[in-house]
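Given next are the chains, with one letter for each unit.
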Amino acid sequence: MMAAVRTILMGFIPLVLASLALTQATTPPPAADKDPFVGTWQSNRGKSRPKLNKVDATYIRTISRDGDYVVSSGQYVDSKSRPATHNKIRCDGHPYSVPFGSISCRYTAANIIDGETTSLTQETTYWTREVSADGLEMKFYTYKNKNREKIKSIWVLDRVR
């Protein structure tokens, strides 16, 4: 009897592990001309939670593609204390060095990117970006934990171009 249970478990465990691996799989990025993230985005103070402060409300992000690379530039229009950012990384699940630490990301659907940002002090932020079905709104979720179970904030950006 124990041998039969062991045989069943030995066959079942690889199936469970394979299905878990599939749920964590990276979706290939959409073609650059079909990537819904490509464009210029402006913070929406009223829709974001918690409500953005005056400086964060001026944030503009431009996303483009250079082959498999995602190029992201951001600036706070009304702030001299927050420098503009410019990053060029691949969303393939591997960490890439950026001036403030490292970023790793992966497409989990054509309109969803999951990522992690690790600061120079080794603090990690877990996040998801999602573009709406109509392509006019991007939500940037940050989470309190690695499992993405508890939302810390939702930064909403509207498409400008």
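Preceding this paragraph is the structure being described.
Enquirer: Sorry, what's going on with the overall build of the protein chain here?
Expert: Scanning the protein chain from terminus to terminus reveals one helix and ten strands. By residue count, 35% of the 161 residues in the protein chain fall in the buried class. Expressed as a percentage of contacts within the protein chain between residues at least 6 apart in sequence, the contacts between residues at least 24 apart total 31%. When the accessible surface of the protein chain is split by element, carbon and sulfur atoms take 58% of a total near 10200 Å².

Enquirer: Looking at this structure, how should I read the pairing of strand β1 (residues 39–43)?
Expert: A regular strand carries its side chains on alternate faces of the sheet. Counted residue by residue, β1 has four buried out of five residues, so it is predominantly covered. Strand direction decides the pairing type here: β1 and strand β2 (residues 59–66), joined by four bridges, are antiparallel. When the sheet's bridge partners are listed, glycine 39 is paired in β2 with isoleucine 63. Two strands pair when backbone bridges link them, and β1 and strand β10 (residues 151–159) are joined in this way by three bridges, in the antiparallel orientation. Along β10, the bridge assignment pairs tryptophan 41 with arginine 159.

Enquirer: For this particular structure, what's the right way to read the nonpolar core?
Expert: The tendency in soluble globular proteins is for nonpolar side chains to be buried side by side. Phe37, Ile113, Met138, Trp155 and Leu157 are the most contacted members of the largest nonpolar core, which has 20 residues in total. Those elements giving two or more residues to this core turn out to be β2, β3 (69–76), β6 (101–109), β8 (124–131), β9 (137–143) and β10. Counting residues per element, this core draws most heavily on β6, at three residues. Residues in contact with isoleucine 113, not counting those within four places in the same chain, are Phe37, Cys91, Cys105, Arg106, Tyr107, Trp127, Thr128 and Arg129.

Enquirer: Please clarify how the environment of threonine 85 should be interpreted in this entry.
Expert: Structurally, the position occupied by threonine 85 is in strand β4 (residues 85–90). By relative accessible area, threonine 85 is classed as partly exposed at 32%. Taking the C-alpha atoms as reference points, threonine 85 and phenylalanine 100, separated by 15 residues in sequence, lie 9.5 Å from one another. Sequence-distant contacts of threonine 85, that is, excluding residues within four places in its chain, are made with Ser72, Ser73 and Gly74.

Enquirer: Explain the pattern of salt bridges to me, please; I cannot follow it from the model alone.
Expert: A side chain with one charge can pair with a side chain of the opposite charge if their charged atoms come near. Using the criterion set out here, one finds seven salt bridges in the structure. In this structure, the salt-bridge partner of aspartate 92 is arginine 90, at a minimum N-O distance of 3.9 Å. As a salt-bridge pair, aspartate 114 and arginine 148 come within 3.9 Å of each other at their nearest N and O atoms. Linking aspartate 114 in strand β7 (residues 112–119) with arginine 148 in the loop between β9 and β10, this pair joins segments that are 34 residues apart in sequence. Aspartate 114 gets classed as buried once you look at its relative accessible area, which sits at 14%. Exposure remark for arginine 148: the relative accessible area of 23% places this residue in the partly exposed category. It is possible to trace a salt-bridge network through shared partners that takes in Asp68, Arg90 and Asp92.

Enquirer: Can you help me understand the packing of aromatic side chains in this one?
Expert: Given two aromatic rings, their pairing is described by the distance between the two centres and the angle made by the two planes. Applying the stated criterion to the full structure yields five aromatic pairs. The interplanar angle of 55° and the centroid separation of 5.6 Å between the aromatic rings of tyrosine 59 and tryptophan 155 together place this pair among those described as tilted. One end of the pair, tyrosine 59, is in strand β2; the other, tryptophan 155, is in strand β10, and 96 residues separate them in sequence. Pair check on accessibility: tyrosine 59 and tryptophan 155 agree, each one buried. Here the basic side chain of lysine 88 rests over the ring of tyrosine 69, its NZ or CZ set 5.3 Å away from the ring centre. When the ring centre of tryptophan 127 is taken as reference, the NZ or CZ atom of arginine 129 above it lies at 4.6 Å.

Reading guide: rules and limits
The residue numbers shown here count from 1 along each chain, following its written sequence. Local features in this predicted model are restricted to residues whose pLDDT is 70 or higher, and side-chain atom pairs enter the listing and the counts only when it is 80 or higher, whereas totals over whole chains, interfaces and linings include all residues. In computing side-chain properties, one takes all heavy atoms of the structure into account and sets aside hydrogens as well as water. For the purposes of this entry, the term helix denotes a DSSP run of H or I that reaches at least four residues, the term strand denotes a run of E that reaches at least two, and both are numbered from the N terminus. Accessible area is worked out with a 1.4 Å probe on protein chains only. A residue is then buried under 20% of its type maximum, exposed over 50%, and partly exposed in between. Any two residues whose heavy atoms approach within 4.5 Å at even a single point are treated as in contact. Methods summary: accessible areas were calculated by the Shrake-Rupley approach with a probe of 1.4 Å, and residue burial reflects only the protein chains presented. Strand pairing requires that DSSP identify at least two bridges connecting the strands. In these notes, a set of buried Ala, Val, Leu, Ile, Met, Phe, Trp, Tyr and Cys residues joined through side-chain atoms within 4.5 Å is what counts as a nonpolar core. The rule for a salt bridge is simple: a side-chain nitrogen of Lys or Arg has to be within 4 Å of a carboxyl oxygen of Asp or Glu. Stacked, tilted and edge-to-face are the three classes assigned to paired rings of Phe, Tyr and Trp, where Trp is represented by its six-membered ring and a pair needs centres within 6.5 Å; plane angles under 30 degrees give stacked, over 60 edge-to-face, the rest tilted. Any Lys NZ or Arg CZ that is within 6 Å of a ring centre and within 35 degrees of that ring's normal is treated as a charge sitting over the ring.

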